[in-house]
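What follows is the residue order along each chain.
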Amino acid sequence: MSRTSDAQQHSFSSYKVPLYKGHPAKLKLKGNALAEQYRTAIRTTYYSTKEQVEYHGSTGLNFGGHYCFVYWGCGSDCQYAVVVDLKTGIVYQGTDAERGYKFQPDSRLIIVNPDPEATTKTYKEEFWLWNEAEKKFTKLP
């Protein structure tokens, strides 16, 4: 399948969800090794600090209806990510990327390495869907 038909098949609007209207729960980091290790990046994105908004752009409720998608660099051409549930404050494993992410507040879809101009044999655009029941991402074909 070509990149164009992938993008058409896997659009944000195909995976719409309603937006959460409540207040964010207190962040729960204790007992989660990944969350404890990257607590600063997670806190600043989850709580939308001014500096993080300027650097990161979309913070707070920015993904999947009631989640905060948090990512940070882990070296050149490397990003790690987590997903924080605004209803519970629980942190879940995200998807890794080489060339960034695209996501929307009202969609369960994440596009990994979204820039077609930067796509190479090494870096492929990928489409991942958040599975609400399992609290994890599933790669779409």
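The structure this text deals with has already been given above.
The rules behind these values
Residues numbered from 1 in each chain as written. Predicted model: local features only at pLDDT ≥ 70, side-chain atom pairs only at ≥ 80, totals over all residues. Heavy atoms only, no water. Patch = residues over 30% accessible without salt bridge, like charges linked within 9 Å, V, L, I, M, F, W, Y side chains within 5 Å. Areas by Shrake-Rupley, 256 points an atom, 1.4 Å probe, with all protein chains shown as cover. Salt bridge = Lys/Arg side-chain N within 4 Å of Asp/Glu carboxyl O. Lys, Arg positive; Asp, Glu negative; His and termini not counted. Charge placed at Lys NZ, Arg CZ, Asp CG, Glu CD. Helix = DSSP H or I, 4+ residues; strand = E, 2+ residues; numbered from the N terminus. Buried < 20%, exposed > 50% of the residue type's maximum accessible area, 1.4 Å probe, protein only. Pairing = 2+ DSSP bridges. Axes fitted to C-alpha atoms, helices over the stretch in contact; angles between N-to-C directions. Arc of directions from axis to C-beta.

J.: Just to check I follow, could you spell out a positive patch on the surface for this structure?
T.: Together, Lys-26, Lys-30, Arg-39 and Arg-43 line one region of the surface with positive charge. Within the secondary structure, Lys-26 is located in the loop between helix H1 (3-9) and helix H2 (33-37). Exposure remark for Lys-26: the relative accessible area of 69% places this residue in the exposed category.

J.: How should I be thinking about the sheet that holds strand E7 (residues 136-139) in this particular structure?
T.: Strand pairs in the sheet, formed through backbone hydrogen bonds, run parallel or antiparallel to each other. Read from one edge of the open sheet, four strands run E4-E5-E6-E7, paired in antiparallel fashion. Of all strands in the sheet, those with a lone pairing partner are strand E4 (101-103) and E7, marking the two edges. This sheet shows a mean twist of 30° between the axes of neighbouring strands, independent of strand direction. Sheet topology note: the strand E6 (residues 126-131)/E7 ladder contains four bridges and is antiparallel. Paired with Leu-129 across the bridge in E7 is Thr-138.

J.: When you look at helix H3 (residues 39-46) in this model, what are you seeing that I'm missing?
T.: Every buried residue belonging to H3 is among Ala-41, Ile-42, Thr-45 and Tyr-46, and all of these are buried. Mapping the buried residues of H3 onto a view down its axis gives an arc of 115°, with all of them on the same face. Downstream of H3 by one or two residues, Ser-48 has phi in the positive range, about 55°.

J.: Please clarify how the sheet that holds strand E1 (residues 67-73) should be interpreted in this entry.
T.: An order of E1-E2-E3 is seen for the three strands of this open sheet, with the pairing classed as antiparallel. Two strands lie at the open edges of the sheet, namely E1 and strand E3 (91-93), each paired on one side alone. In this sheet, neighbouring strand axes are inclined to one another by 30° on average, regardless of whether the strands run parallel or antiparallel. Across seven bridges, E1 lies against strand E2 (residues 79-85) in antiparallel orientation. Within the sheet, the bridge partner assigned to Cys-68 lies in E2 and is Val-84.

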